[in-house]
Amino acid sequence: MNHKPLLLPLLDEALKRGPLEPADVAAAARATGLPAAAAWEAVRFYPRYAATGERWLLVDEPVVRSRNFDSLLNALERVALAAGVESGTVYSYGLEALGPALVVEQGAERRVYAPVDEASLERLAAGAEPGPAAGLLPRELAGGGWLLEDPPPPPQFPGAGELIASARAAGLRGLGGAHFPVWRKLEAVRAQDAAEKYVVVNGDESEPGNFKDRWLMEHNPRLVWTGAALAARAVGASEIVFYVRGEYEGALERVEAARRELAASGYLDGLETSTFRGGGLYICGEESALLESIEGKRAEPRLKPPYPAEAGLFGKPTLVNNVETLAHLALVASHGADAYRERRPKLFSISGDVAKPGVYELALGTTLEEALAAAGAGRARAVLLGGAAGTFLKLPDAAGLPLDFEAPRAQGDSIGPGALMVFDETRDLWAVAEGVSAFFAHESCGKCFPCSLGTPHLHRLVWNWRRGQRRPELLHELAQALEQGSLCGLGQAAPWAVRSLLERFVEVNR
Amino acid sequence: MSRVAVVIDGLLVQAEPDWTVLEAARSAGVEIPTLCHHERTGTEGICRLCMVEVAGRMEPACATRVRPGMVVNTRGAAVEQLRRTVLELVALETNVEYDDELSGWMEEYGADPTRWGEPLAGRRQRKPLADNPFFVREYDKCYNCRRCLDACGEGIQGVWALAFTGRGAEAGVTTTFDLELAEAGCIFCGNCVEVCPTGALVPLEELRAAKGGPS
Amino acid sequence: MTPPLRLEPDRVVSTVCPYCGVGCRVDLYVKNERVYRVMAHGGPPNYGALCVKGRFGLGFLHHPDRLTTPLIRRRKGGELEPVGWREALDFAAERLAWVAAKHGPDSLYFISSAKATNEANYLMQKLARAAVGTHNVDHCARLCHSSSTAALSRSLGSAAMSNTIEEIPLSDVILVTGSNTVETHPVIGAMIKKAARNGAYLIVADPRRVGLAESAHLWLRLKPGSDPVLFGAMARWLVESGHYDRAFVEERAEGFDEWWASVREYTLEFAESATGVPAEKIRAAAERYAAAGAAAIYWAMGITQHSHGVANVQALVNLAVLAGQLGKPGSGLNPLRGQNNVQGAGDMGALPNVYPGYQPTANAAVRERWGRLWGTPQPETAGITMTEALESIGRPGGVRAVYLMGEDPVTSEPYQEHVRAALAQLDFLVVQDILKNETYPYADVVLPAASFAEKNGTFTNTDRRVQLLRPVFEPPGRARPDVWILARMGTRLARLLNRGSAASWEYPNAAAVWEEVRRAAPEMFGGISHARLEHENLRWPCASESSPGVSVLFTDGFATPSGRARLLPAPWNPPAEQPGGEYPLLLSTGRVLYHWHGGALSRRSALSEAYPTLKVEVNPADAERYGVRDGAAVWLVSRRGRIRAVAWVTERAPEGVVFAPIHFAEEAANRLTNNAYDPVSKIPEYKAAAVRLEPA
């Protein structure tokens, strides 16, 4: 390891002994070489360091928002008040496919239950298990496919040139949402003349409506490590940090176990590898904010340029790729670019009003209609495509839309990481929009002015809209300020869902 | 090193290669408003008021280096609307009564914060903090430009007595471990007061004098 | 850019901070004749930064202790009574002239001020040399950097920082020794810390864990007083290992053999035993320093204020010469000057051995030139130093009358009781100051002076930058600028002693004095005028109006007769007083961030609230040993006196060493210090006295 110990793991260690004291934080800061102020900033930024005592938290995500969020929350507040326990909400845990979810937090420890209903809350109040534990996603949530089956044996490293050429020939793109050609990033990091380089696996899947990375990390982590190791060898990196979303504690264990297993096989020889528990915030999925959080700072997006390929983790050239992307890279290496291109696999997280919510491997270009049919959608009226940072598609207008990189983009949409949240005509899409805008206001890091100040106002405008006080001109103006003015994708994408609702559905709601 | 030719609002500007768009614009007498940028601090790209159009994209002038052949529009309709919205939200949420520069821009861009209703961020309710003999911190007037943080830490002093806390609209400036300034390692150089654009950090002497009494 | 103000200023005046030698440019915001905000002016030397003293420590300007009217004591034992200026000046001049006439000009002593302007310093030494006819003039640099001046002058020919503040970021290696820079020169301290963050390798050699030690890549905690061994061993290792700059030494230095013979014993092993610093660290420091593209050394009182202070500085000079770390941007030797105008006071000849521009009084041609310039013959007798002068009071042939400008020897000289006794024996004492101080009760005449904010003139900062003061206020009451007072005193003394013409003392303003300085020392100051300073940044040497002055000294040659740098032995002698027996601890004295020297200024401002009482640093092991708790009252006792303080138990002080700040006149550290002096520079040993610690 060429860097000093990392702050967040040190704080997590201290947290196991009880609430953090300034002395713990100062000691952790000294060990990392960070100013105490920076460590304090981290403590005040990441929610888990503020946790004390017991809290009952309803998981807030778009699907539950479209259903019984308000009544569940009311019920939760009622039982919690009676029990003298603090209550509230917490954002998406990647459990949209299972139904409403509840988090019981006790100091640094958390138990997660899904699905839950009002009866579950009564059980919780009575001191019983409120519902099925949801520490891991059920394996059977996924159907078949290259990514969803047991992986092939890790392939031999074919050499940097060949791997990068294969990625290019395969048409492999970044699958965390931005769809940047993978070979370009590999090439850019490889081209850097530096003694130290890093590969960072972005397993911070915080986009509500997405849970395919969670499934991969829990049920096929070896494939991801395989891809990461290949990428590290291709770019000349000596260290891999696998960043797992803070809330995905089960996934963290599975990823770590896979690392040990693969390391024991010798496949990771010559590489420093570690699993890193993420900060537990949506912004941590933004690649530069993610790097900041590994460095022990507030997870705030950096200005670009420089890009991580030039100056990433600790200022060194860094390849940051999403979990699914690296799994695909492993498959390209195993099956060859031609076979991969033939198949064009992509994972989709499908939830909401479908018979079989879950993770689906579909070929890119599958139409929306086909995808919905695969999951057993009935009378779908709308699909929130991509996630909270996505757009509402209207059905049946969009039924024939091919789910690939290009076609949605041509009409101002994107598959993003691959989420489809399906809503039938009984659902209040403005309730979903209200939840989404509350989510962005909550998750804004506080760095740039348009996002930190604009997202709460977006939420209030949507809240008012839902209650009959409609200011479309302000909504449009704010949407534009957020999209054009914000520093990172969080703020830029915050208004997309609301705006698509305005553009595509507003007459329905009048 | 040879100069870089860029066009800013139709003016040909010969910029030094390491200049930002903001520097190039200023050299040509083109004013671009900024709240977070300061020549002595490393703060940049935070307030987003200096966004300009470059080839149809918005870029922060204070954090964007000049590139040969760059064509910059500092006053397009989209730019002006963005600035107006940001100014309105800042002025709505923050007590900016002593920030004359910002007030000037509010007028210039026709900003009317009342369009957005009541404030949401809770900033205006913050109480003054007077924990030392030299200056007072009135964070109702702070819009998080972070110049003070940089002056205290990386940019000038290397002391890191100040720290940033919280997220989103609730975020703000605190001290290390939320201690009183002296306990947090402050050496009262006042370089934070120096770079503060809003008057949130104000010399005690000035407050006393403004209240009319002798010190 | 206008700051966000609560109060519209009546005016904003750009001037220079009155505290330390960094010479920060400040803008003073004024309402109803009071300063209510201080902002950095931007640009060099401070580039928009200030420290707590300059920004919040100017309350003394408005303090009730300001002297506002001339006072005279008509007879010894009588009261000081207010009089008009004419009467006060006549009274002072007549008494001084009487002493000079009766006991000879050398019975007078003139103590100039590193807090006064260049113009005032020039007139003070002119008062001594022209109007009275003695070289008996000195200023407080005797107590701070006289060791540096001595060593740098004889080896390099010029005694000032050889680099500039703006070169700090250009150094690859920075060696700081005997300087608590972050507290004593905070703006430079912050710049050095930033340079270290940006990749410069920072070496700190200091017994105390001072602020910079925490930022250092390599901290050499040497035993107090072992400096020549440390730096001698570093230099010796460079030669022995072949890491020294042989070409530089051969082409640009002289005296190698004599020097080499003097360090024969200073092996790394010997140095380890003498300094307590592991040999490996000494070697690493030497090699890092020598291998750097550009390496600069910064030092202050921790080096100079020893009975072997000149040797300490000499050891640094030798190291720099052997490593070839001189005469390049970011590479050189840099004494950090303490007072705001201590550089200028020396430049102006407020020293017994040199005229303005460092022209030696020992040189007959020089004396003749000055005699012509001033129209009065120049004395041949050498002047004596301030410390010698104070020691001579009451002795046959000793000093009998003192003219004191902006100086408080009762607080600042070592062995306070001794100083009080000496002052009480004087025939006549003139105190010219802005504030009442500890020496004022001994005065026969008190002349109220204008502060930095109430006059014109120039200060020269630590990196040779000459900067213009601008008056912010009228002086309070009947206070007058030093230049105004000295010119009138000069007229009277010249007439009474019949030396030169009264006309040579007619100066309409400070700029007229400066014009005389330019003519008198054209190589250094010829190109610098008040008019240019209005809008230009200038530093000496600046010979022509078209030049901005020279930044890096010694790029071509050295200002020695041979043009070569002179290596000289730097012998190691332990401090004059060793701890042991009843006095088992070593006392070091110095400054803290919030206060300034004798405290006359800082303790009459808001700074006093931040640091109200004397705190003495005690190592935890010593605290344990002598039964002292953190925050408890203690007595510090030396052979010469005792003071009461609050103990600050801290690892800052090494075991066996206590540190006391010098700012508290009522518990003056100088009641304890030893009046042992360096044989060459006559600097007192403020950094080493034997003391004991008693719970109070």
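Note that the structure is predicted; figures quoted are calculated from it, not measured.

Outline the packing of helix α2 (residues 77-93) of chain B against helix α3 (residues 100-108) of chain B, supporting the account with residue identities and numerical values.
Residues and elements named next belong to chain B. Following both chains from N to C, one finds α2 and α3 inclined at 130°, their axes separated by 10 Å at the closest point. Viewed along their axes, α2 and α3 adopt a mutual orientation that is oblique. The handedness of the crossing between α2 and α3 comes out as left-handed. Counting all contacts with α2, which are made through L87, V90 and A91, the residues of α3 involved are L102, W105 and M106. When grouped by side-chain class, the residues that make up the contact of α2 with α3 number 6 nonpolar, no polar and no charged.

So what about the interface of chain A and chain B? Which residues, and what values?
On the chain B side, the residues contacting the 40 residues of chain A number 47 residues. Around 3500 Å² of area is buried between chain A and chain B when both sides are counted, 62% of it from carbon and sulfur atoms. Among the residues of chain A in contact with chain B, A:F449, A:L453 and A:E477 are the three that bury the most area, contributing 20% of the side total. In this assembly, chain A and chain B are joined by 4 salt bridges.

Explain empty space enclosed by the protein to me, using residue names and the numbers behind them.
All names here are of chain B. Under the criterion given, the structure shown has 10 cavities of 30 Å³ or more. Roughly 100 Å³ of volume is contained in the second largest cavity. Taken together, 15 residues make up the lining of the second largest cavity; nearest its centre are C152, C186, F188, C189 and C192. Counting only elements with at least two residues in the lining of the second largest cavity, the list comes to α4 (147-152) and α5 (191-195). Here the lining of the second largest cavity is built from residues that sort into 12 nonpolar, 3 polar and no charged.

So what about a negative patch on the surface? Which residues, and what values?
Judged by side-chain charge, B:E31, B:D100, B:E101 and C:E8 come together as a negatively charged surface patch. As for its placement among the helices and strands, B:E101 is situated in helix α3.

Just give me the short version of the environment of C:Q305, but keep the residues and values in it.
Residue and element names in this part refer to chain C. Counting through the fold element by element, Q305 comes out in the loop between α13 (301-304) and α14 (309-323). Its relative accessible area of 8% is what places Q305 among the buried residues. Put simply, Q305 and Y677 are 372 residues apart on the chain and 8.8 Å apart in space, counted from C-alpha to C-alpha. With residues up to four places along the chain from it excluded, the contact list for Q305 reads L143, C144, I683, P684, E685, Y686 and K687. One polar contact links the side chain of Q305 to the main-chain carbonyl oxygen of L143, over a distance of 2.6 Å.

Give me the interface of chain C and chain B: which residues, what numbers.
Each side of the interface is counted separately: chain C has 33 residues, and chain B has 38 residues. Of the roughly 2900 Å² buried where chain C meets chain B, counting both sides, 52% is carbon and sulfur surface. Run the count over chain C and chain B and you get 5 salt bridges. In this structure, B:E154 and C:R197 form a salt bridge, with 3.3 Å as the shortest nitrogen-oxygen distance. At the boundary of chain C with chain B, the tally comes to 16 residue pairs in polar contact (both at pLDDT 80 or more). Contributions of two or more residues to the side of chain C that touches chain B are made by β3 (34-40), α1 (52-56), α6 (186-197) and α24 (607-610) of chain C.

Conventions adopted
Residues numbered from 1 in each chain as written. Chains lettered and ligands numbered in written order. Predicted model: local features only at pLDDT ≥ 70, side-chain atom pairs only at ≥ 80, totals over all residues. Heavy atoms only, no water. Axes fitted to C-alpha atoms, helices over the stretch in contact; angles between N-to-C directions. Helix = DSSP H or I, 4+ residues; strand = E, 2+ residues; numbered from the N terminus. Parallel < 35°, antiparallel > 145°, perpendicular 65-115°, else oblique. Left-handed = near helix turned anticlockwise from the far one by under 90°. Contact = heavy atoms within 4.5 Å. Nonpolar A, V, L, I, M, F, W, Y, C, P; charged D, E, K, R; others polar. Buried area = accessible area lost by both parts, 1.4 Å probe. Salt bridge = Lys/Arg side-chain N within 4 Å of Asp/Glu carboxyl O. 1 Å grid on protein atoms, 1.4 Å probe; cavity = no way out; pocket = protein on both sides within 12 Å on 5 of 7 lines; lining within 4 Å. Points joined across faces, edges and corners; volume = space filled by probe spheres on them. Patch = residues over 30% accessible without salt bridge, like charges linked within 9 Å, V, L, I, M, F, W, Y side chains within 5 Å. Areas by Shrake-Rupley, 256 points an atom, 1.4 Å probe, with all protein chains shown as cover. Lys, Arg positive; Asp, Glu negative; His and termini not counted. Charge placed at Lys NZ, Arg CZ, Asp CG, Glu CD. Buried < 20%, exposed > 50% of the residue type's maximum accessible area, 1.4 Å probe, protein only. Polar contact = N/O pair within 3.5 Å; in protein donor to acceptor, adjacent residues only side chain to side chain.

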